[in-house]
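# Architecture at a glance
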Amino acid sequence: MQYICGSTDIQITGESVVVLGNFDGVHKGHQMLLHEAKANAKENNLMAIALSFYPHPTWVLGNNPKPLVMSRQDRKHQIKAEGMDLFIEYPFTVDFAHISPDIFFKDVLVDKLHARVVVVGSNYFFGKNKVGNVDYMKVLGEKYDVEILVVDTVKKDGQVISSTHIRQLISEGKMEEAESFLGHPYTVIGTVVHGKKLGRTIGFPTINMIADPARIHPPNGVYATTVKVYNHEYMGITNVGYNPTVGSSYKMIETHIIDFTGEIYGEEVEVAFHKFIRPEQKFDNVEELSKQIARDTQTGKKFLSTHMK
Ligand SMILES: Cc1cc2nc3c(=O)[nH]c(=O)nc-3n(C[C@H](O)[C@H](O)[C@H](O)COP(=O)(O)O)c2cc1C
Ligand SMILES: Nc1ncnc2c1ncn2[C@@H]1O[C@H](COP(=O)(O)OP(=O)(O)O)[C@@H](O)[C@H]1O
């Protein structure tokens, strides 16, 4: 997959199907859109382009920035997995936000991307103050001879699948439900950093990652997780929070990898969250904490061995 970011100076060769969206989470609804775009591109021998924005518009327009379901890197990874030929993170600026739907359509979709087909969800809005809706996009499509393919919002158990709903589920620690809407678990990818070196002394070394403030996090507490290290998957038990027993100034994501030994500082790891186990607690001493982590490990292991393939 080709990838373009940080530039508005884009000129592609050939013609394309463009699927539009922020794709935060690349959830089951997004997957349906991307699938339609891919199928259409294949049928018509066009390039399949996913067009998103970076930063997320709510971070630029400001009064209510949305914490993101997914990291930028993971979004790209998932869009690639959906078979797109090109992923564009178009720079989202205050000036760009003031562009009318007509200019966006003509300048970006027609002139830069040579769109023959545009795929959008039925609740898609675009252009200044989101004045452009799907009906208006169809008017522009007629004008520039671009087919507009509208995909109905995907529902699950009567609930529209949306990034907003998934954010809510994650913020309530409902990881299994979030996973069923996402089509994949809530995941944190990051580099292992050094901590207080206390974990190993209490029998539970942990890989430490700093929680990304731009993202939504499940409530502080302990979770059954799976961990990918060097392309191998292990069971894990993860604490999210500030470690009140020993105290940490940053919100941390710390994982003890079950049945693993090895030194992996600086390595990239992927932690997927499957189930909330208990809230974070302050213990009187590290012995009590260590005993509780041993119990958490057993709880996590039991859950993971019955629920994971
Ligand atoms: C499964 C698990 C559960 C944890 N639960 C708590 C907790 O409830 N309260 C707390 O203060 N710290 C908790 N911790 C974090 C420990 O305080 C931390 O891992 C330990 O201090 C080691 O820190 P270090 O990696 O910086 O050496 C937990 C860690 C793990 C792996
Ligand atoms: N089972 C394991 N789970 C997590 N980390 C492990 C494990 N075995 C060895 N390690 C290593 O130990 C380090 C964590 O040890 P710890 O004493 O908690 O130090 P720190 O405070 O720097 O995280 C990890 O970064 C990793 O390199």
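Structural notes, computed from the coordinates. As the structure is a prediction and not an experimental result, all values here were calculated from the model.

### So, the overall build of the protein
- Across its full length, the protein carries nine helices and 14 strands.
- In terms of overall dimensions, the protein has C-alpha extents of about 70 × 40 × 35 Å along its principal axes.
- Among the 309 residues that make up the protein, the fraction classed as buried is 48%.
- Taking contacts inside the protein between residues at least 6 apart in sequence as the whole, the part at least 24 apart equals 75%.
- Put simply, the protein shows about 15,400 Å² of open surface, and 50% of that area lies on carbon and sulfur atoms.
- Placing the 33 positive and 36 negative side-chain charges of the protein at their respective mean positions leaves the two points 4 Å apart.

### Some details on the nonpolar core
- Residues Leu20, Leu51, Phe104, Leu109, Leu113, Val118 and Met137 are the most contacted members of the largest nonpolar core, which totals 30 residues.
- Considering each element in turn, this core owes the most residues, five residues, to helix 5 (residues 101-112).
- Not counting residues up to four positions away in its chain, the partners in contact with leucine 20 are Leu33, Leu51, Phe104, Leu109, Val118, Val119, Val120, Tyr124 and Met137.

### Examining the pattern of salt bridges
- Enumeration over the complete set of coordinates arrives at 12 salt bridges.
- Between lysine 301 and aspartate 259 there is a salt bridge, with its nearest N and O atoms 3.9 Å apart. One end of the pair, lysine 301, is in helix 9 (residues 286-307); the other, aspartate 259, is in the loop between strand 13 (252-257) and strand 14 (268-279), and 42 residues separate them in sequence.
- For lysine 301, a relative accessible area of 28% gives the class partly exposed.
- Here aspartate 259 falls in the exposed class, since its relative accessible area comes to 65%.
- Here glutamate 288 and lysine 291 are joined by a salt bridge, their closest N and O atoms 3.8 Å apart. With glutamate 288 and lysine 291 both in helix 9 and three residues apart, the pair spans about one turn of that helix.

### What to know about the site of ligand 2
- Taken together, 21 residues are adjacent to ligand 2, and Gly195, Lys197, Arg200, Ile264 and Tyr265 come closest.
- Take lysine 197: an N or O atom from its main chain is 2.6 Å from an oxygen atom of ligand 2.
- Between ligand 2 and the protein, one listed contact pairs a nitrogen atom with a backbone N or O atom of proline 205 at 3.4 Å.
- Contact with the protein chains covers 94% of the free accessible surface of ligand 2, which is 560 Å².

### Observations regarding helix 7 (residues 163-171)
- Among the residues of helix 7, those classed as buried are Ser163, His165, Ile166, Arg167, Leu169 and Ile170.
- Glycine 173 occupies a position one or two residues after helix 7 and carries a positive phi of about 75 degrees.

### Considerations on the site of ligand 1
- The environment of ligand 1 is formed by 22 residues, the closest being Lys196, Leu198, Thr245, Glu254 and Gln281.
- Contacts to ligand 1 include glycine 199, whose backbone N or O atom sits 2.9 Å from an oxygen atom.
- Coverage of ligand 1 by the protein amounts to 98% of the 620 Å² it exposes when considered alone.
- Elements represented by at least two residues in the shell around ligand 1 include exactly strand 12 (232-241) and helix 9.
- When residues in the shell around ligand 1 are grouped by element, the largest group, three residues, is from helix 9.
- Counted by class, the shell around ligand 1 contains eight nonpolar, eight polar and six charged residues.

### Things to note about the sheet that holds strand 3 (residues 47-54)
- Spatially, six strands are ordered 1-4-3-2-5-6 in an open sheet, and the strand pairing comes out parallel. What marks the edges here is a single partner per strand, and that holds for strand 1 (2-5) and strand 6 (147-151). Direction aside, neighbouring strands of the sheet carry axes that sit 20 degrees apart on average.
- The sheet contact formed by strand 2 (residues 16-20) and strand 5 (residues 115-121) spans four bridges and is parallel. By the bridge assignment, serine 16 is partnered in strand 5 with alanine 115.

Rules used in this analysis
Residues numbered from 1 in each chain as written. Chains lettered and ligands numbered in written order. Predicted model: local features only at pLDDT ≥ 70, side-chain atom pairs only at ≥ 80, totals over all residues. Heavy atoms only, no water. Helix = DSSP H or I, 4+ residues; strand = E, 2+ residues; numbered from the N terminus. Buried < 20%, exposed > 50% of the residue type's maximum accessible area, 1.4 Å probe, protein only. Contact = heavy atoms within 4.5 Å. Areas by Shrake-Rupley, 256 points an atom, 1.4 Å probe, with all protein chains shown as cover. Lys, Arg positive; Asp, Glu negative; His and termini not counted. Charge placed at Lys NZ, Arg CZ, Asp CG, Glu CD. Core = buried A, V, L, I, M, F, W, Y, C linked by side-chain atoms within 4.5 Å. Salt bridge = Lys/Arg side-chain N within 4 Å of Asp/Glu carboxyl O. Near = heavy atom within 4 Å. Polar contact = N/O pair within 3.5 Å; in protein donor to acceptor, adjacent residues only side chain to side chain. Nonpolar A, V, L, I, M, F, W, Y, C, P; charged D, E, K, R; others polar. Pairing = 2+ DSSP bridges. Axes fitted to C-alpha atoms, helices over the stretch in contact; angles between N-to-C directions.

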